[in-house]
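Listed below, chain by chain, are the residues.
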Amino acid sequence: MTYPIIDGKVRTRALEYHIADHCNLRCDHCCSFSPVLKKWLADPAGFERDLRAVRRVVAPEFLKIVGGEPLLHPELERLLVIAKSLDVAPRI
Ligand code: SF4
């Protein structure tokens, strides 16, 4: 697979950001190791800082908010508003 560079940015299909390590389920096949990880939540300020940095060099088709279980993040809506306002990708 090749990743073209357009206008100085690497074009990718998706960019993933983990906002939680833990999960309320315990699937045997969990590739995120969530059943054995401690509770961890992304800090909104760090989330914004990271997205501001990455958008300078990467142009994904969509941003994937993942975990763990991202729906466990109490500030999920705030994170989505930040992601949308920064226009990191056309779709979140
Ligand atoms: S993150 Fe997904 S695969 Fe892992 S335990 Fe939770 S629901 Fe299962």
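Predicted model only: the values in this text are computed from it and were never measured. (Residues numbered from 1 in each chain as written. Predicted model: local features only at pLDDT ≥ 70, side-chain atom pairs only at ≥ 80, totals over all residues. Heavy atoms only, no water.)

## What about the pairing of strand E2 (residues 9-18)?
Of the pairings in the sheet, the one linking strand E1 (residues 5-6) to E2 comprises two bridges and is antiparallel in character. When the bridges of E2 are listed, Ile-6 appears paired with Lys-9. Hairpin connection between E1 and E2: a loop of two residues separates the two successive antiparallel strands, and Asp-7 in this loop has a positive phi of roughly 55°. Here E2 pairs with strand E3 (residues 58-66) via eight bridges, running parallel. If you follow Leu-15 over to E3, its bridge partner there is Leu-63. (Pairing = 2+ DSSP bridges. Helix = DSSP H or I, 4+ residues; strand = E, 2+ residues; numbered from the N terminus.)

## Things to note about helix H1 (residues 44-54)
Within H1 the residues assigned to the buried category are Pro-44, Gly-46, Phe-47 and Leu-51. Summarising the axial view, the buried residues of H1 lie within an arc of 160°, below the 170-degree limit, and thus occupy one face. Elements that come into contact with the buried residues of H1 comprise E2, E3 and helix H2 (76-86). (Buried < 20%, exposed > 50% of the residue type's maximum accessible area, 1.4 Å probe, protein only. Arc of directions from axis to C-beta. Contact = heavy atoms within 4.5 Å.)

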